[in-house]
Amino acid sequence: LIVLEVLIIIFLVISKVQGNPPTLFGHQMYFIRTGSMSPYLEPGDVIISKKYDGGELIAGENGDVVTYYGEVNGNVEMITHRVVRTEGELIVTRGDYNNSDDSPITKDEIEAVMVHKAVIIDKIYMIISTTWGFWLLIFTPIALLIISEIVSLVKELKKEKEVADENEEEIE
């Protein structure tokens, strides 16, 4: 269990340092920051997405939810919206809550396609995305490892003392 947690921590630390969404086995975790996809996705939700391979996308009311880089108020940010239609080589997306379509994008601009909405991971991700939570995630397994080693050492010392006491009794 500790080894698994250490691997997860390493994975999250590397992702955080690189500034990329956490990726594991070709799947990425994205944190939903706005209400543009309400009620389907709410701020604070975490989605699991598969890196987009250039394949067919489903458009419409139940279309694929894709993540891509787009311009928001003059800044380039990750956007997660639903594919509403295709126009030849162009793809038109829109947030479920929004009234207007986004500017068309090409398939090359799509980073990932959502495959699942995480239920528990979003709570954990919200905690570790804070500085306090991030450090807590790093130091908790280290503290548990140290406590485990101390308990093992105490047990070993007790065992050695018992053997020593038994040997003394035999000598007397």
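Structure report, in brief. Source: prediction; values computed, not measured.

### Here we look at the nonpolar core
Alright, step 1. Grouped together as the largest cluster of nonpolar side chains are ten residues: Tyr52, Leu57, Val66, Tyr68, Ile79, Val83, Ile91, Ile105, Ile110 and Val113.
Alright, step 2. Secondary-structure elements contributing two or more residues to this core are strand S4 (65-72), strand S5 (75-87) and strand S8 (110-118).
Alright, step 3. Tyrosine 68 has contacts with Glu77, Met78, Ile79, His81, Thr93, Asp102, Ile105, Glu109, Ile110 and Glu111, leaving out every residue within four places of it along the chain.
Alright, step 4. One finds Ile32, Met37, Ile47 and Met114 within the second-largest nonpolar core, a separate group that totals eight residues.

### With respect to the side chain of histidine 81
Alright, step 1. Its place among the elements puts histidine 81 in strand S5.
Alright, step 2. On the basis of relative accessible area, histidine 81 is assigned to the buried category, the value being 6%.
Alright, step 3. Here the side chain of histidine 81 touches glycine 95 through a polar contact of 3.4 Å, landing on its backbone nitrogen.
Alright, step 4. With sequence-adjacent residues up to four places away left out, histidine 81 is seen in contact with Ser36, Met37, Asp64, Val65, Val66, Tyr68, Thr93, Arg94, Gly95, Asn98 and Asp102.

About the thresholds
- Residues numbered from 1 in each chain as written.
- Predicted model: local features only at pLDDT ≥ 70, side-chain atom pairs only at ≥ 80, totals over all residues.
- Heavy atoms only, no water.
- Core = buried A, V, L, I, M, F, W, Y, C linked by side-chain atoms within 4.5 Å.
- Buried < 20%, exposed > 50% of the residue type's maximum accessible area, 1.4 Å probe, protein only.
- Helix = DSSP H or I, 4+ residues; strand = E, 2+ residues; numbered from the N terminus.
- Contact = heavy atoms within 4.5 Å.
- Polar contact = N/O pair within 3.5 Å; in protein donor to acceptor, adjacent residues only side chain to side chain.

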